[in-house]
Amino acid sequence: MSRTLDLGQQVAIVTGGGQGIGRQTALTLAAAGARVAINFFPDSAGQNHALAAQVAKEIAALYGTESSAVFAADVRDAQQVEGMYTAVLDKFSRLDIVVNNAGILRDRSIKKMTLDEWTSVIDTNLSGVFHSCQQAALKLSPGGRIINVASLSAVMGFFGQANYAAAKSGVLGLTKVLARELAKSNIRVNAVAPGVVDTEMGQSIPEENRKVMQQQIPLGRFAEPREISDVILFLASDLSSYMTGQTLHVNGGWWF
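Okay, so let's go over this structure. These numbers come from a predicted model, not from an experiment. (Residues numbered from 1 in each chain as written. Predicted model: local features only at pLDDT ≥ 70, side-chain atom pairs only at ≥ 80, totals over all residues. Heavy atoms only, no water.)

What follows deals with the overall build of the protein chain. Helix and strand content of the protein chain: nine helices and seven strands. A compact globule built from 256 residues would reach a C-alpha radius of gyration of about 18 Å, and the protein chain, at 17 Å, matches this within 12%. Seen through its C-alpha atoms, the protein chain measures out along the principal axes to roughly 50 × 50 × 40 Å. Across the 256 residues of the protein chain, 50% fall into the buried class. About 12200 Å² of surface is accessible on the protein chain, with carbon and sulfur atoms providing 52% of the total. (Helix = DSSP H or I, 4+ residues; strand = E, 2+ residues; numbered from the N terminus. Rg over C-alpha atoms; globule rule 2.2 N^0.38 Å. Buried < 20%, exposed > 50% of the residue type's maximum accessible area, 1.4 Å probe, protein only. Areas by Shrake-Rupley, 256 points an atom, 1.4 Å probe, with all protein chains shown as cover.)

Following this line, the structure appears as structure tokens:
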């Protein structure tokens, strides 16, 4: 018997959905039939809004103008996140899938790392996931799914990423706890831990470091964003109906 990945008008939030893995995830979920709420960080220059709006435009051209909408919220701010969830429910009347993807890098060795570089990464990459998950726990439809985007850094501990690795390790622990707490509502909570992905963030790695990294990956290359979003789609679908509290490592075979 064949099975299809049809999300059939379900509603998904993708934080940080204007670029990188978030952008591709929004497109992938829309292609599977979901209506997608594309979150962006409201920067003063309006660049993030423009990126999110472009994703929504692409989705609208393919699947109709009611298939997506953009929502501003700084995930570090619990009140803004609550407001975004309320706005999504006002727009779409339901919520089934949450992909917590928003994240930043501020790499520096521990001796040189500033307090701001530490707190900004923890606040965005860990507290931001907490704020979103807390709202999801209150507002997801029964049978909802939460997919948290972690990182290989959580288990590898890359040099210069004390802040990032600590935050992403926290995401893995949070995922396990919420899987237990939300199971009674039939809400599944899983994580994806990508290796290096060929996104804007991945391309910011110095070229000499990229070459060294690629030599350590059995498949010999970085991931394409689609290769991560496809795994997110799997976790958002009924094909993973008996999976919760799990982390899927998508890293080309790169292990410590």
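From this point, the discussion proceeds with the structure in view.
Another aspect to go through is the packing of aromatic side chains. One pass over the full model with this rule turns up one aromatic pair. Geometrically, the ring pair formed by F158 and W254 is tilted, given 5.3 Å between the ring centres and 45° between the ring planes. In this pair, F158 sits in the loop between α5 (153-156) and α6 (162-182) while W254 sits in the segment after β7 (247-250), placing the two residues 96 residues apart along the sequence. You can call W254 buried: its relative accessible area is 1%. The side chain of K91 reaches across the aromatic face of F92, ending 5.9 Å from its centre. (Phe/Tyr/Trp six-rings, centres within 6.5 Å; stacked < 30°, edge-to-face > 60°. Lys NZ or Arg CZ within 6 Å of the ring centre and 35° of its normal.)

A word on the packing of helix α3 (residues 78-92) against helix α4 (residues 115-139). Here α3 crosses α4 at 40°, and the two axes come no closer than 9 Å. Relative to α4, α3 is oriented so that their crossing is right-handed. Residues A78, V81, E82, Y85, T86 and L89 of α3 touch α4, and the partners they reach there are H131, S132, Q135, A136 and K139. Grouping the amino acids of the contact of α3 with α4 by side-chain chemistry returns five nonpolar, four polar and two charged. (Axes fitted to C-alpha atoms, helices over the stretch in contact; angles between N-to-C directions. Left-handed = near helix turned anticlockwise from the far one by under 90°. Contact = heavy atoms within 4.5 Å. Nonpolar A, V, L, I, M, F, W, Y, C, P; charged D, E, K, R; others polar.)

Under the criterion given, the structure shown has seven salt bridges. Across the pair E227 and R221 runs a salt bridge, and its minimum N-O distance is 2.8 Å. Residue R226 is joined to D230 by a salt bridge in which the shortest nitrogen-to-oxygen separation is 3.2 Å. Of this pair, R226 and D230 both sit in helix α9 (residues 225-236), four residues apart, roughly one helical turn. Classification of R226 as partly exposed rests on a relative accessible area of 44%. (Salt bridge = Lys/Arg side-chain N within 4 Å of Asp/Glu carboxyl O.)

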